[in-house]
Amino acid sequence: MTTGDDRTYDLVVFGASGFTGQFVAERVAKRACEGSLTWAVAGRDRVKLQTVLASISRSNTSSSTELNLSGVGIIEADVSNETSLRQMCASSKVLLNCVGPYRFYGEPVVKACIEEKCNYVDVSGEPQFLETMQLKYNKQAQDNGVHIVGSCAFDSIPADLGTLFARETFPGKATQVESFLTITNTGTGYAGHYGTWQSAIYGFANRKELPKVRRQLFPQPLPKIGSKLPKRVGKLGYFYNRKLLKYCLPFPGADPSVVRRTQYHNVESHGVDPIQYGAYFTLPSFVSILKLYFFGLVFGFLARFGFGRSLLEKFPRLFSAGMFSHEGGTRESVRHMIALHYSFAVSDS
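For clarity, every value in this text was computed on a predicted model and none was experimentally measured.

**Student:** Where do I start with the nonpolar core in this structure?
**Tutor:** Val 12, Phe 14, Met 88, Leu 95 and Tyr 120 are the most contacted members of the largest nonpolar core, which totals 27 residues. Discounting chain neighbours no more than four positions away, the residues touching Tyr 120 are Leu 95, Asn 97, Tyr 102, Val 109, Val 110, Cys 113, Phe 129, His 147, Ile 148 and Val 149.

And the structure:
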């Protein structure tokens, strides 16, 4: 860690009473019991934070390891209150930020962490936020010895570390990596949370801003090593993968952004040749593609206009075919209803 040892906490989970934050806090609580980690939960409402800790204790009653959370700190902090953010960051070596959408609420937290020399981690899947933060704060973070690490979750640990793993273990010189994500609903009743849906709405609505950020962040393109990564998707927007026996479409999340920025860092800081990367997600049938295209067209049209975005935000379950809701999935559905599988194709051509 770059921060000093005189902090009250090793780690603070900010937004611990939110949908994602509750799961993060539960995982941290279990890890903390295995060692000497000092940590705290943070958010706007002290009562809600206390409720979260009590819920974590109750949910672990069947475990052989008792969770004693009496020593867990509780910090009141609000993204609209800079003083509270700075006090929170000054108390910890690492802040794990679970307050999204990050395009609306992330920057004040990043700024406070840098100013208070607190390392920052988030679970963002929003390329524009991630790259804008790097463009605006990279120099200041370096000067203050602070690590700003985004996308430490489904977006985009499997893709980024999978690509690095391929480089290190591939017999030969890996020059191309493609990932194929398969999401399987193993039960019923799961719905993604509204925060993810809202991030997608405004990410699409402001998609034209991202190329401007990238031109400033990376004025020179990455060198191409080996043959050019094949363009697999045609005019219809998908292709059939005969090895996976599934239909494949370009993955719309943060994976390409995160992998690309890692490749730039390796080139500029370590002189390592970059890997060309392509990201796809799979669907089981052509009917699934038609369904996706129908809802995608409706989503894309409505997201262009203010009234349309309001409709999308008000009725997420309707416009996502039940995939997202204001409530999100239950604790059990999130744990057991979704299976994620990544397949990687590596080439030295």
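**Student:** So what exactly am I meant to see when it comes to helix α6 (residues 127–144) here?
**Tutor:** Spacing of three or four residues puts side chains on the same side of an α-helix, whose turn is 3.6 residues. For α6, spanning 18 residues, the distance from its first C-alpha to its last is 24 Å, which sits close to the expected 26 Å at 1.5 Å a residue. The largest bend in α6 is about 60 degrees, located at Tyr 137. All buried positions along α6 are accounted for by Pro 127, Gln 128, Phe 129, Leu 130, Glu 131, Thr 132, Met 133, Tyr 137 and Ala 141. Against the buried residues of α6 lie α4 (102–105), α5 (107–115), β5 (119–122), β6 (148–149), α9 (210–217) and α10 (255–270). Phi turns positive one or two residues past the end of α6, at Gly 145, with a value near 65 degrees.

**Student:** Even after reading the chapter, I still don't get the sheet that holds strand β2 (residues 39–43), so can you show me in this structure?
**Tutor:** Within a sheet, neighbouring strands are paired by backbone hydrogen bonds and run either parallel or antiparallel to one another. Pairing is parallel across the open sheet formed by six strands, whose spatial order is β3-β2-β1-β4-β5-β6. Looking at the sheet topology across the chains shown, the edges are occupied by β3 (73–76) and β6. Here four bridges tie strand β4 (residues 92–97) to β5, and the two strands are oriented parallel to one another. Opposite Leu 95, over in β5, you have Tyr 120 as the bridge partner. Sitting on the sheet, helix α3 (residues 82–90) touches β1 (9–14), β2, β3 and β4, and the angle it makes with β4 is about 125 degrees.

**Student:** I keep staring at the packing of α3 against α5 and nothing clicks. Help me out?
**Tutor:** At a minimum axis separation of 9 Å, α3 and α5 run at an interaxial angle of 50 degrees. Relative to α5, the element α3 is oriented oblique. In the packing of α3 onto α5, the handedness of the crossing is right-handed. The residues of α5 that touch α3, namely those facing Glu 82, Leu 85, Arg 86 and Cys 89, are Pro 108, Val 109, Lys 111, Ala 112, Cys 113 and Glu 115.

About the thresholds
Residues numbered from 1 in each chain as written. Predicted model: local features only at pLDDT ≥ 70, side-chain atom pairs only at ≥ 80, totals over all residues. Heavy atoms only, no water. Core = buried A, V, L, I, M, F, W, Y, C linked by side-chain atoms within 4.5 Å. Buried < 20%, exposed > 50% of the residue type's maximum accessible area, 1.4 Å probe, protein only. Contact = heavy atoms within 4.5 Å. Helix = DSSP H or I, 4+ residues; strand = E, 2+ residues; numbered from the N terminus. Expected span 1.5 Å × (residues − 1). Bend = angle between axes of the 7 residues up to and from the residue. Pairing = 2+ DSSP bridges. Axes fitted to C-alpha atoms, helices over the stretch in contact; angles between N-to-C directions. Parallel < 35°, antiparallel > 145°, perpendicular 65-115°, else oblique. Left-handed = near helix turned anticlockwise from the far one by under 90°.

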